[in-house]
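Report on the structure
Chain by chain, the residues run as shown.
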Amino acid sequence: MSTQKIGVLGSGIVAQKLGAGFVREGHAVMLGTRHPQKLAEWQAKTGEQVGTFAEAAAFGELLVLAVTGRVAQDVLQQVEPAIRGKVVIDPTNPIAEGKPVAGVLPFFTDPNRSLHEMLQATFPEVRLVKAFSHIGAPFMYRPDFPGGPPSLFICGNDATAKSQVSDICAHFGFDVIDMGPAEAARAIEPLCRLWCIPGLTDRQWEHAFKWLRRY
Ligand SMILES: NC(=O)c1ccc[n+]([C@@H]2O[C@H](COP(=O)([O-])OP(=O)(O)OC[C@H]3O[C@@H](n4cnc5c(N)ncnc54)[C@H](OP(=O)(O)O)[C@@H]3O)[C@@H](O)[C@H]2O)c1
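The rules we used
- Residues numbered from 1 in each chain as written.
- Predicted model: local features only at pLDDT ≥ 70, side-chain atom pairs only at ≥ 80, totals over all residues.
- Heavy atoms only, no water.
- Helix = DSSP H or I, 4+ residues; strand = E, 2+ residues; numbered from the N terminus.
- Contact = heavy atoms within 4.5 Å.
- Core = buried A, V, L, I, M, F, W, Y, C linked by side-chain atoms within 4.5 Å.
- Buried < 20%, exposed > 50% of the residue type's maximum accessible area, 1.4 Å probe, protein only.
- Pairing = 2+ DSSP bridges.
- Right-handed = clockwise from strand over helix to strand, strands pointing away.
- Expected span 1.5 Å × (residues − 1).
- Arc of directions from axis to C-beta.
- Polar contact = N/O pair within 3.5 Å; in protein donor to acceptor, adjacent residues only side chain to side chain.
- Near = heavy atom within 4 Å.
- Areas by Shrake-Rupley, 256 points an atom, 1.4 Å probe, with all protein chains shown as cover.
- 1 Å grid on protein atoms, 1.4 Å probe; cavity = no way out; pocket = protein on both sides within 12 Å on 5 of 7 lines; lining within 4 Å.
- Sits in = over half its atoms within 2 Å of the grid points.
- Nonpolar A, V, L, I, M, F, W, Y, C, P; charged D, E, K, R; others polar.
- Phe/Tyr/Trp six-rings, centres within 6.5 Å; stacked < 30°, edge-to-face > 60°.
- Lys NZ or Arg CZ within 6 Å of the ring centre and 35° of its normal.

1. Overview of the side chain of T109
With respect to the secondary-structure elements, T109 resides in the loop between strand 5 (87–90) and helix 5 (115–122). Contacts of T109, omitting those with residues within four sequence positions, involve P94, S114, L115 and M118.

2. Observations concerning the nonpolar core
Side chains of a nonpolar character, in soluble globular proteins, are inclined to be buried together. V8, F22, V64, I89, F132 and F172 are the most contacted members of the largest nonpolar core, which totals 32 residues. Residues contacting V8, with those up to four places away along its chain left out, are A15, G19, V29, M30, L31, G32, A56, V64 and A66.

3. Section: the pairing of strand 4 (residues 62–65)
Of the two faces of strand 4, the one carrying L62 and V64 and the one carrying L63 and L65 are both buried. Strand direction decides the pairing type here: strand 1 (residues 5–9) and strand 4, joined by 4 bridges, are parallel. Across the sheet, the residue bridging to G7 is L63, located in strand 4. One ladder, built from 3 bridges, connects strand 4 with strand 5; its direction is parallel. Considered in strand 5, the bridge of V64 is made with I89. A crossover connection joins strand 4 to the parallel strand 5 through helix 4 (residues 72–79); in handedness this β-α-β unit is right-handed.

4. Comments concerning helix 6 (residues 159–171)
Taking 1.5 Å per residue as the helical rise, helix 6 with its 13 residues ought to reach 18 Å, and the 18 Å between its terminal C-alpha atoms agrees with that figure. Turning to helix 6, its buried residues number three or more, namely A161, K162, V165, I168 and C169. The arc enclosing the buried residues of helix 6, seen along the axis, measures out at 120°, which places them on a common side. Exposed and oriented more than 90 degrees from the buried face of helix 6 are A159 and T160. Buried residues along helix 6 sit in contact with helix 1 (13–24), strand 4, strand 5, strand 6 (127–130), strand 7 (151–154) and strand 8 (175–178). N-cap assignment for helix 6: the residue whose side-chain oxygen lies 3.0 Å from the backbone N of T160 is D158.

5. With respect to the site of the ligand
Lining the immediate surroundings of the ligand are 26 residues, of which S11, T33, R34, K38 and V67 lie closest. Starting from 880 Å² of accessible surface for the ligand in isolation, the protein chains cover 76%. Most atoms of the ligand, that is more than half of them, are within 2 Å of grid points of the largest pocket. Here the shell around the ligand is built from residues that sort into 13 nonpolar, 11 polar and 2 charged.

6. Considerations on the packing of aromatic side chains
The description of an aromatic ring pair uses the distance of the two centres, along with the angle that the planes make with each other. One pass over the full model with this rule turns up 7 aromatic pairs. Plain terms: the ring middles of F132 and F172 are 5.9 Å apart, the flat faces sit at 55° to each other, and that makes the pair tilted. One end of the pair, F132, is in the loop between strand 6 and strand 7; the other, F172, is in the loop between helix 6 and strand 8, and 40 residues separate them in sequence. When its relative accessible area of 0% is taken as the criterion, F172 is described as buried. Taking the centre distance of 4.9 Å and the plane angle of 90° together, the rings of Y141 and F172 count as edge-to-face. Placement of the pair is Y141 in the loop between strand 6 and strand 7 and F172 in the loop between helix 6 and strand 8, with a sequence separation of 31 residues. Ring pairs connect the aromatic residues F22, F132, Y141, F172 and F174, which therefore count as one cluster. When the ring centre of F59 is taken as origin, the NZ or CZ atom of K5, which lies over that ring, is 5.3 Å away. Between the NZ or CZ atom of R193 and the centre of the ring of F107, over which it lies, the distance is 4.7 Å.

Just distances and angles here, no functional claims.
As structure tokens, then:
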């Protein structure tokens, strides 16, 4: 994997863990946020850069959209046109406001329309790839489970972008499964709800998906 400049839009646990993973892989990373002071510890630990959303978007040759699903569209709008033509890894989930019911998170999408498709339709020149949406942030880089590498389902419309992201995910320690174009996110995003149930009901957060196949 050739080294690149990575712009991560976000300051939460996903931004920090994926950002640190990219640093470990030898890339230069800038995290983007409205509140740079939140990232002082991350910055001190990694020696990497922190900026605004716009600065991180301009910095990155490859981007990660690590913001709350509800604001994903707004944040991409804010950083247009710096993101045109760039590959953007999309781990977002369409989690709605409101409480989980029996551990099941509320979504603001419906079964026939995903957040990923909405973003891709709004920003057709951005090369979005859904990835890392159904694994807990602590396990996003080199996860170590007794059953071997977890499966990571990805999708997106741009084959070259998907191949690049697939390579990254494999280096990060996953068995990568390409489920096809953007529409597959209708099936991938809900896996976040399944993954969260044991956490929200029994405080069990240490698990991952494994896709068993005979082909
Ligand atoms: N947590 C996980 O384990 C996990 C796993 C898989 C996928 N995901 C998905 O990954 C994404 C990031 O998750 P997370 O848990 O790291 O963090 P999060 O709490 O979902 O999102 C934090 C980020 O959202 C931004 N944000 C929130 N409200 C905003 C607003 N009104 N305007 C602009 N930006 C706003 C924050 O910006 P500032 O930096 O400016 O505060 C921050 O960077 C989410 O879509 C989540 O569903 C999470």
